[in-house]
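So the chains spell out like this:
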Amino acid sequence: MARIIALSNQKGGVGKTTSAINLGAALAAIGRRVLLVDIDPQASLTDALGIDASQLVQSIYDVLLGTVPLRTILQSRFQLTVAPATIDLAAAEMQLISEVGRERILADVLASVTSAFDEILIDCPPSLGLLTVNALTAADAVLIPVECHYMALRGLTQLVQSIEKIQRRANPRLTILGVLPTMYDPRTLHEQEVLGELQKLFPGKVFPPIRRSIRFAETALAGKSMLVYDPTHVGAQAYRDLATEVLRG
Ligand SMILES: Nc1ncnc2c1ncn2[C@@H]1O[C@H](COP(=O)(O)OP(=O)(O)O)[C@@H](O)[C@H]1O
Ligand SMILES: [Mg+2]
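Residues numbered from 1 in each chain as written. Chains lettered and ligands numbered in written order. Predicted model: local features only at pLDDT ≥ 70, side-chain atom pairs only at ≥ 80, totals over all residues.

Tell me about the overall build of the chain, residues and numbers included.
Counting its secondary structure elements, the chain contains 11 helices and 7 strands. Computed over its C-alpha atoms, the radius of gyration of the chain comes to 17 Å, within 12% of the 18 Å expected for a compact globule of 249 residues. Going through the 249 residues of the chain one by one, you find that 46% of them count as buried. Intrachain contacts of the chain at a sequence separation of at least 6 include 78% that bridge at least 24 residues. (Helix = DSSP H or I, 4+ residues; strand = E, 2+ residues; numbered from the N terminus. Rg over C-alpha atoms; globule rule 2.2 N^0.38 Å. Buried ≥ 20, exposed ≤ 12 C-beta atoms within 10 Å, placed from the backbone. Contact = placed C-beta atoms within 7 Å.)

Following this line, the structure appears as structure tokens:
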């Protein structure tokens, strides 16, 4: 049975998509069967893996609306399986609002493939709306990518409150896998301080930071993970180390 991990943070540009792709690639490289699920209407994960969302006839949008089964939209990219998103998904939040059990739609959808994968990573949109609620309801664990800036800490309180609400009301098995500092620059005192704050707020739950590198932006343009694009890069190694820690539990 697959473990389902949601990468979530209502702030945009904190490394959710990059971490979903690279953690997924690192898990796949150790032989895990990995499914990446894009539930962001911006379809960044889909795009960063070289899938042209504008050419897709069906996507996770159609699956959430119950029009097609999940298996029919899955695509293979390198060692990964991808459930792509399209801009249509922006409308899904409105369309699903009147559905019975609207928080559990993604959980139901993923139940059909949990025996086919070992790890399912859900790349969440930058909001705490219905799509993110669906991800957190479906997930066993949430991984929270954060930038080491003071403002980022403030948003975390709200995210943790949402997680606790979902634990109480919909998904008691949801745990916080950890906080992943991204785009970290150890030369900045401010970032060192914020990292220290994170460690106080989430004792034992802060993964070693992923360093800032412009090379990550290049990988998205190339449509590949860092592990495929530049396997010897420190960023690739950082995500391999993260995968080892995530597997250790
Ligand atoms: N470690 C990193 N160093 C530098 N840039 C990064 C790093 N991780 C991600 N990025 C870049 O930052 C931007 C936002 O990252 P992304 O993963 O799309 O965040 P989110 O999914 O949270 O919006 C992207 O352009 C991405 O290439
Ligand atoms: Mg994203």
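Next comes the rest of the account.
Which residues make up the sheet that holds strand β3 (residues 75-77), and what values do they have?
Whenever strands of a sheet pair, they do so through backbone hydrogen bonds, lying parallel or antiparallel. Across the sheet, 7 strands lie side by side as β3-β4-β2-β5-β1-β6-β7; this open sheet has mixed pairing. Because the sheet does not close on itself, it has two edges, and the strands there are β3 and β7 (175-182). Strand after strand, the sheet turns through a mean of 25 degrees between neighbouring axes, direction not considered. Note: strand β6 (residues 141-147) against β7, 7 bridges, orientation parallel. Bridge pairing in β7 places Val 142 opposite Ile 176. Helix α7 (residues 150-169) rests against β6 and β7 of the sheet, and its axis sits at about 170 degrees to β6. (Pairing = 2+ DSSP bridges. Axes fitted to C-alpha atoms, helices over the stretch in contact; angles between N-to-C directions.)

Help me get a handle on the site of ligand 1, residues and values and all.
Around ligand 1, the surrounding shell holds 17 residues, and the nearest of these are Lys 16, Thr 17, Thr 18, Phe 216 and Ala 217. Elements with a contribution of two residues or more to the shell around ligand 1: α1 (16-29) and α9 (215-222). Residues belonging to the shell around ligand 1 are distributed by class as follows: 7 nonpolar, 8 polar and 2 charged. (Near = placed C-beta within 6 Å. Nonpolar A, V, L, I, M, F, W, Y, C, P; charged D, E, K, R; others polar.)

Help me get a handle on the nonpolar core, residues and values and all.
Counting residues in hydrophobic clusters, the biggest one holds 79 residues, and the most contacted among them are Leu 36, Ile 39, Leu 121, Ile 122, Ala 135 and Ala 139. The dominant element in this core, judged by the number of residues it contributes, is α1, at 7 residues. Apart from residues lying up to four places away in sequence, Ala 135 is in contact with Ala 6, Ser 8, Ile 39, Leu 106, Ile 122 and Cys 124. (Core = buried A, V, L, I, M, F, W, Y, C linked by C-beta atoms within 7 Å.)

Describe the packing of α1 against helix α11 (residues 234-248), and please don't skip the residues or the numbers.
In the contact formed by α1 and α11, the axes pass within 8 Å of each other and the chain directions differ by 70 degrees. Accordingly, the angle class assigned to the pair α1 and α11 is roughly perpendicular. As for the relative orientation of α1 and α11, their crossing is right-handed in sense. Residues Asn 22, Leu 23, Ala 26 and Leu 27 of α1 lie in contact with α11, whose contacting residues are Tyr 239, Arg 240, Leu 242, Ala 243 and Val 246. Residues that form the contact of α1 with α11 fall into these classes: 7 nonpolar, 1 polar and 1 charged. (Parallel < 35°, antiparallel > 145°, perpendicular 65-115°, else oblique. Left-handed = near helix turned anticlockwise from the far one by under 90°.)

Account for the environment of Thr 157, naming residues and giving values.
Position of Thr 157 relative to the elements: it lies in helix α7. When the 10 C-beta atoms within 10 Å are taken as the criterion, Thr 157 is described as exposed. Residues Thr 157 and Gly 15, 142 residues apart in the sequence, show an inter-C-alpha distance of 18 Å.

Give me α11: which residues, what numbers.
For α11, which comprises 15 residues, the first-to-last C-alpha distance of 21 Å matches the rise-based estimate of 21 Å (1.5 Å per residue) to within 8%. Of all the residues in α11, the buried ones are Gly 235, Ala 236, Ala 238, Tyr 239, Leu 242, Ala 243 and Val 246. Relative to the axis of α11, the buried residues are bounded by an arc of 155 degrees and lie together on one face. Residues Val 234, Thr 244, Glu 245 and Arg 248 are exposed on α11 and point more than 90 degrees away from its buried face. On its buried side, α11 packs onto α1, β7, α9 and α10 (226-229). Once α11 ends, the next one or two residues include Gly 249, with phi positive near 100 degrees. (Expected span 1.5 Å × (residues − 1). Arc of directions from axis to C-beta.)

Mind laying out the pairing of strand β5 (residues 119-123), listing which residues take part and the relevant values?
By the criterion of burial, β5 is predominantly enclosed, with 5 of the 5 residues buried. Of the two faces of β5, the one carrying Glu 119, Leu 121 and Asp 123 and the one carrying Ile 120 and Ile 122 are both buried. Sheet topology places strand β1 (residues 3-7) next to β5; 5 bridges connect them, and they run parallel. Paired with Leu 7 across the strands is Asp 123, a residue of β5. Summarising the sheet, strand β2 (residues 34-38) and β5 pair through 5 bridges and their orientation is parallel. Within β5, the residue paired with Leu 35 across the bridge is Ile 120.

Go over the environment of Phe 216, please, and point to the residues and values.
Locating Phe 216 in the fold gives a position in helix α9. Exposure remark for Phe 216: the 24 C-beta atoms within 10 Å place this residue in the buried category. On a C-alpha basis, the gap between Phe 216 and Leu 106 in space is 29 Å, while along the polypeptide they are 110 residues apart. Leave out the neighbours within four places in its chain, and Phe 216 touches Thr 18, Met 226 and Gly 235.

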